[in-house]
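# Observations on the model geometry
Take a look at the letters that make up each chain.
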Amino acid sequence: MSPSTPDQNPSEDGEPTSVAETVKKLFKKHKKNIIGGGVALVVVAGGVFMSLAKGQDDTEDTDGSDSSPDPVTEDRKRQPPCEHQVSGCERMTKYGPQAVRPYSRGGSTA
């Protein structure tokens, strides 16, 4: 037996077959599965695009209106974070490790 190349398989008569011939044979053998998978893929992609388009329509309706359905009241506004200390650490950068000193964050800036 002679060694065959990876893209050529020996046929029944011992001659190597081309990749195109092998693909044609596989398509003929598994035609129903390939077509069924393609149809399923198209249906799923259509559903995804429909849901994305529906989501864009919903956001376009709310962008133009100035009134919100749930107005934010004074007591529900976001509170600033409490002041706290961040401990020091060492970060790895592309130039090597770099020390980060401890610092304070949060609290009111006013």
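Fair warning: this is a prediction, and the values are worked out from it, not measured in the lab.

## A look at the overall build of the protein
What the protein contains, in helices and strands, is two helices and six strands. Along its sequence from the N terminus, the protein presents helices and strands in the succession β-β-α-α-β-β-β-β. Burial statistics for the protein: of 110 residues in total, 2% are counted as buried. Long-range pairs, those at least 24 residues apart, make up 11% of the contacts in the protein with a sequence separation of at least 6. As displayed, the protein has an accessible area near 10,600 Å², and 57% of this comes from carbon and sulfur atoms.

## Here we look at the pairing of strand S4 (residues 89-93)
Counting buried positions along S4 yields zero of five residues, so the element is predominantly exposed. Examined bridge by bridge, S4 and strand S5 (residues 96-100) share five bridges and lie antiparallel to one another. The residue bridging cysteine 89 from the neighbouring strand is valine 100, located in S5. Hairpin connection from S4 to S5: two residues lie between these consecutive antiparallel strands.

## Focus on the environment of glycine 88
Note that glycine 88 resides in the loop between strand S3 (84-86) and S4. Taking the C-alpha atoms as reference points, glycine 88 and arginine 101, separated by 13 residues in sequence, lie 4.6 Å from one another.

## Focus: a nonpolar patch on the surface
Where nonpolar side chains cluster on the molecular surface, the patch consists of Phe27, Ile34, Ile35, Val39 and Val43 and spans about 440 Å² of accessible area. Counting residues per element, the nonpolar patch draws most heavily on helix H2 (residues 31-63), which supplies four residues. Along the polypeptide, isoleucine 34 turns up in helix H2.

## A few points about the environment of proline 80
By the element assignment, proline 80 lies in the loop between H2 and S3. By relative accessible area, proline 80 is classed as exposed at 51%. For the pair proline 80 and glycine 106, spaced 26 residues apart in sequence, the C-alpha to C-alpha distance is 7.2 Å.

Quick notes on the rules
Residues numbered from 1 in each chain as written. Predicted model: local features only at pLDDT ≥ 70, side-chain atom pairs only at ≥ 80, totals over all residues. Heavy atoms only, no water. Helix = DSSP H or I, 4+ residues; strand = E, 2+ residues; numbered from the N terminus. Buried < 20%, exposed > 50% of the residue type's maximum accessible area, 1.4 Å probe, protein only. Contact = heavy atoms within 4.5 Å. Areas by Shrake-Rupley, 256 points an atom, 1.4 Å probe, with all protein chains shown as cover. Pairing = 2+ DSSP bridges. Patch = residues over 30% accessible without salt bridge, like charges linked within 9 Å, V, L, I, M, F, W, Y side chains within 5 Å. Salt bridge = Lys/Arg side-chain N within 4 Å of Asp/Glu carboxyl O.

These figures come from the coordinates and say nothing about function on their own.
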